[in-house]
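Chain by chain, the residues run as shown.
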Amino acid sequence: MSIETIHLDKVCKRFRLGTANEYGRLTEAIASNVVKWLRQSPAPKPSSCSDSPTQQLEDGWFWALRDIDLSIQSGDIVGIVGRNGAGKSTLLKILSRIVTPTQGRVGVRGRVGSLLEVGTGFHPELTGRENVFLNGALLGMPRAEIRRRFDEIVAFAEIDSFLDTPVKRYSSGMAVRLAFAVAAHLEPDVLIIDEVLSVGDQAFQRKCLGKASQLGDQGRTILIVSHNLSAVANLCRRAVLMQNGKIVADGAPESIIEQYLSDSQSGGGQRRWEDDESAPSSSEVRLQAVVVRGNGIDAPTGEVDIDREIVVAVDYKVLSNNAKVSVQIQVKDETGAYVFWSANAPSMSVSPDPWFGKPHPRGLYRSECRIPANFLNDTRYFISVLIGPEVGVTSLRQESVLSFLVHDTGVMRQEYTGSWHGPVIRPRLDWKTQSL
């Protein structure tokens, strides 16, 4: 029988904007309070959790979480998704007892293990071996039990040679390896992971996700915040979507991921920024528009024929003279897995881009990427745009700026009515047969 391990009832958390009423020394705090008492001016009442975001900002308060109701059972593996600033990390810090809620009630049953950032819970001057025992003690584990599991932890972390080296000498990847190994093997009832696994290599990430799945099968509760939607889809049994400090959807990972990606794109195959103040920009470049064209026409479209070439056009304004600009796009599928990445560099283009690597005078530019016909399978794709001074260096990034849907019109399947295998790439290739 499943047991409720996490329960949140109308939880809100606020933070004050700016540095008003924050003091570095005790004397400053005392002086400020004396002045307030002499003036006898009552302190302004902070905004309510239910107030609009605009009213909150006017009152000098920011509500990171608003009216969060959430119930999670033992054995649940729950993914929390949402844009940056949605409140995901604040929620996990409350569950980890790092911060306290401003309003509402929080109940967590059992021992909690948290991986909120690289090096969480480690003392940098202590060795890896010493930190294993320190973390175990913080989780309430008897020393004998830590010793019993010590070899498993070291084997999982794969840092045998550095076990007696101070943690401050570890790379971020090594610190994550040890932190996850400790948290996962000391049997927490609730394991909380906040994007920290993105630091490790791919092989170790797969290893960690496999261990998390195993813990879920053992009845442990796992909470994961990740922008890797593929991991959320494959590992989690439930997902939660957060926006502006609220939970807006809760259900099966597939439907939550679809809603998250749909909310991240604009319809009609184009996204334009008419107002310079709202347009994504860096010191040298301002994004003006991203447009998808297909079906052999110049008009923007959100749905394209699988048998037609697809053109992704990026319009941008160069703000400073002699700036070097590299335009890159990343294409993801519906699960958030990357399909491909391309830039206007000669090594990644069929024909050289005459502007690549050359100084750009101020003005408006358009860079186009052409995706061949019969290359992508029939599903929905999401485009992210990256602009920087060179390939691999990003000064402006716009995630999932818009989407497009590839339709199978039957041209490629006249002789086959079933479903094509392979979720993403579906190229039309040349085949020849000869008699030997």
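Details of the structure are given in the entry above.
Basis of the calculations
- Residues numbered from 1 in each chain as written.
- Predicted model: local features only at pLDDT ≥ 70, side-chain atom pairs only at ≥ 80, totals over all residues.
- Heavy atoms only, no water.
- Pairing = 2+ DSSP bridges.
- Helix = DSSP H or I, 4+ residues; strand = E, 2+ residues; numbered from the N terminus.
- Axes fitted to C-alpha atoms, helices over the stretch in contact; angles between N-to-C directions.
- Salt bridge = Lys/Arg side-chain N within 4 Å of Asp/Glu carboxyl O.
- Buried < 20%, exposed > 50% of the residue type's maximum accessible area, 1.4 Å probe, protein only.

Draft legend 1. Here's a closer look at the sheet that holds strand 8 (residues 238–243). Spatially, six strands are ordered 5-6-7-3-8-9 in an open sheet, and the strand pairing comes out mixed. Edge positions in the sheet fall to strand 5 (112–115) and strand 9 (246–251), since each of these pairs with one other strand and no more. Taking each pair of neighbouring strands and ignoring which way they run, the sheet shows an average axis angle of 15 degrees. Judged from the four bridges that link them, strand 5 and strand 6 (residues 190–194) form a sheet pairing that is parallel.

Draft legend 2. The arrangement of the sheet that holds strand 4 (residues 103–108) in detail. Ordered in space as 2-1-4, the three strands form an open sheet in which the pairing is antiparallel. For this open sheet the edge positions go to strand 2 (61–73) and strand 4, each flanked by a neighbour on one side alone. In this sheet, neighbouring strand axes are inclined to one another by 20 degrees on average, regardless of whether the strands run parallel or antiparallel. Sheet topology note: the strand 1 (residues 4–16)/strand 4 ladder contains five bridges and is antiparallel. The residue of strand 4 that forms the bridge with Ile 6 is Val 108.

Draft legend 3. Quick peek at the pattern of salt bridges. Tallied over the entire structure, the rule returns 19 salt bridges. Here Arg 370 and Glu 309 are joined by a salt bridge, their closest N and O atoms 2.8 Å apart. Highlighted residues: Arg 370 in strand 16 (residues 363–371) and Glu 309 in the loop between strand 12 (303–305) and strand 13 (310–318), separated in sequence by 61 residues. Take Arg 370: its relative accessible area is 48%, and that puts it in the partly exposed class. The exposure class of Glu 309 is partly exposed, given its relative accessible area of 37%.

Function cannot be read off these values alone, since they describe shape.
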